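Here is what each chain is made of, one letter per residue.
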Amino acid sequence: KCAHLRLVCQAEQKPYYRSKLWLCGITLLGLGEVGNFTAYGFAPITLVAPLGCVSVIGSAFISVFFLKKTMRTADILGGTLTITGIYLLVTFTPNVPQELTARQVQNYLVSWPFLVYSILEIIIFCILLYFYKRKAVKHIVVLLMMVALLASLTVIAVKAVSSMIALSMKGKMQLTYSVFYIMIVLMAASCAFQIKFLNQAMHLYEATAVVPINFVFFTTSAIISGVIFYREFQSAALLSVFMFLFGCLLSFLGVIIIARNKKEEHLQFYFIDCGHIPGQKLTGKIQPDSHSSCYGTLNKEDDLVKRQS
């Protein structure tokens, strides 16, 4: 964002991908996603997915230094709630073994809870897709619910792929199993369609509305998929489950408060005022009097009509 704003202010316009600042930003973004991918191999989905709210806090505070935005009271309140929620998430996350083998992934894929969950998810997605395609319903909730349904498959596949790669690097080869490549295809396909619907939502609605709703939907679907597919809360105590959900609620509330009523930053496109165009200065009235018979025409056209009459 900072790179785009700087490029607009320059006299000599150049493509954004030639900007060193933009390249630095996209590189950091890629490294962050690599770290996010790796985290799924060492921690439960129910912990990694909600911690995505850290990026929202980081964006709010870093924009003060790079985009010269004003720190609002809502940013401080939302950041405090989100940090409190993160503390509860880390403290009460389920303690489950994270070494996930290809055999375990195969067993999870054919388990009846996941099959029932998959059927329900496919039905809901087809209904939403019908309204999106046939009825042209492009409400933000419809679009982001489709993104969330696809995201639940993405996090399942990402955790499986990341865990099998981590085990293979430790000497327990898992890359020879066909389920590893099935999960890679599922991860790539679900990510591609997520981008399609998320891009549509960003095109039709403001980011201040898309970001918090997408975070809430994505995190909820990821937690549900982690509970059903990987059974991450199978042996958790009731108090731990309650405090974990309370931490999620605080994180959701914090993200919504940070994004609420935040003004969109639009790029400024410069134009030349008509009064500053060099040439003959027009002192006459361009638009004729509203009571004239030639109302709606230019002065020269009005004179031509008079001469002809």
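Reading the values: the criteria
- Residues numbered from 1 in each chain as written.
- Predicted model: local features only at pLDDT ≥ 70, side-chain atom pairs only at ≥ 80, totals over all residues.
- Heavy atoms only, no water.
- Helix = DSSP H or I, 4+ residues; strand = E, 2+ residues; numbered from the N terminus.
- Buried < 20%, exposed > 50% of the residue type's maximum accessible area, 1.4 Å probe, protein only.
- Contact = heavy atoms within 4.5 Å.
- Areas by Shrake-Rupley, 256 points an atom, 1.4 Å probe, with all protein chains shown as cover.
- Core = buried A, V, L, I, M, F, W, Y, C linked by side-chain atoms within 4.5 Å.
- Axes fitted to C-alpha atoms, helices over the stretch in contact; angles between N-to-C directions.
- Parallel < 35°, antiparallel > 145°, perpendicular 65-115°, else oblique.
- Left-handed = near helix turned anticlockwise from the far one by under 90°.
- Nonpolar A, V, L, I, M, F, W, Y, C, P; charged D, E, K, R; others polar.
- Expected span 1.5 Å × (residues − 1).
- Polar contact = N/O pair within 3.5 Å; in protein donor to acceptor, adjacent residues only side chain to side chain.
- pLDDT = per-residue confidence, 0-100.
- Salt bridge = Lys/Arg side-chain N within 4 Å of Asp/Glu carboxyl O.

A.B. asks: Provide a residue-level description of the overall build of the protein chain, including the pertinent values.
C.D. replies: On a plain count of helices and strands, the protein chain comes out with 12 helices and zero strands. When the helices and strands of the protein chain are listed from N to C terminus, the series reads α-α-α-α-α-α-α-α-α-α-α-α. Within the protein chain, the fraction of its 309 residues that count as buried is 36%. Across the protein chain, the fraction of contacts at a sequence separation of at least 24, relative to all contacts at a separation of at least 6, is 76%. Put simply, the protein chain shows about 19400 Å² of open surface, and 67% of that area lies on carbon and sulfur atoms.

A.B. asks: Describe the nonpolar core, with residues and values.
C.D. replies: The biggest cluster of nonpolar side chains holds 41 residues, and the ones touching the most others in it are Tyr40, Val105, Met164, Met183, Phe229 and Tyr230. The greatest single-element share of this core, amounting to seven residues, is contributed by helix α8 (residues 140-169). Once you skip the residues sitting within four places of it in the chain, Val105 turns out to touch Leu100, Ala160, Met164, Val179, Met183 and Phe229. Among the nonpolar cores identified, the runner-up in size contains 14 residues, and Tyr132, Leu144, Leu149 and Phe197 belong to it.

A.B. asks: I'd like a rundown of the side chain of Ser152, residues and numbers included.
C.D. replies: Looking at the secondary structure, you find Ser152 in helix α8. Overall, Ser152 belongs to the buried group, its relative accessible area being 0%. Ser152 has contacts with Tyr117, Glu121, Ser221 and Ser225, leaving out every residue within four places of it along the chain.

A.B. asks: Describe the packing of α8 against helix α9 (residues 178-204), and please don't skip the residues or the numbers.
C.D. replies: At a minimum axis distance of 8 Å, the contact between α8 and α9 shows a crossing angle of 150°. The angle between α8 and α9 places the two elements in the roughly antiparallel class. As for the relative orientation of α8 and α9, their crossing is left-handed in sense. Each residue belonging to the contact of α8 with α9 can be placed in one class, and the counts come to 26 nonpolar, four polar and no charged.

A.B. asks: Can you tell me about helix α2 (residues 20-39), naming the residues and giving the values?
C.D. replies: When the terminal C-alpha atoms of α2 are compared, their 29 Å separation across 20 residues agrees well with the 28 Å that a helix rising 1.5 Å per residue should span. Sitting at the head of α2, Ser19 places a side-chain oxygen 3.4 Å from the backbone nitrogen of Leu21.

A.B. asks: A description of the confidence of the model for the protein chain should follow, citing residues and the corresponding values.
C.D. replies: When pLDDT is averaged across the protein chain, the result is 83; 83% of the residues are at 70 or more. The least confident element of the protein chain, judged by mean pLDDT, is helix α12 (residues 299-308) at 52; the most confident is helix α7 (residues 112-133) at 94. Note on residues 269-277: pLDDT is under 50 here. Beyond four places in sequence and across chains, it has three contacts.

A.B. asks: Outline the environment of Glu232, listing residues and values.
C.D. replies: Residue placement: Glu232 occurs in the loop between α10 (207-229) and α11 (238-259). Distance from Glu232 to Asn95, taken between C-alpha atoms, is 7.9 Å for residues 137 residues apart in sequence. For Glu232, the contacting residues outside a window of four places in its chain are Pro44, Ile45, Thr46, Pro94, Val96, Lys159, Gly226 and Val227.

A.B. asks: Account for the pattern of salt bridges, with residues named and values stated.
C.D. replies: For the coordinates displayed, the defined rule picks out one salt bridge. A salt bridge links Arg72 to Asp75, with the nearest nitrogen and oxygen atoms 3.0 Å apart. For Asp75, a relative accessible area of 3% gives the class buried.

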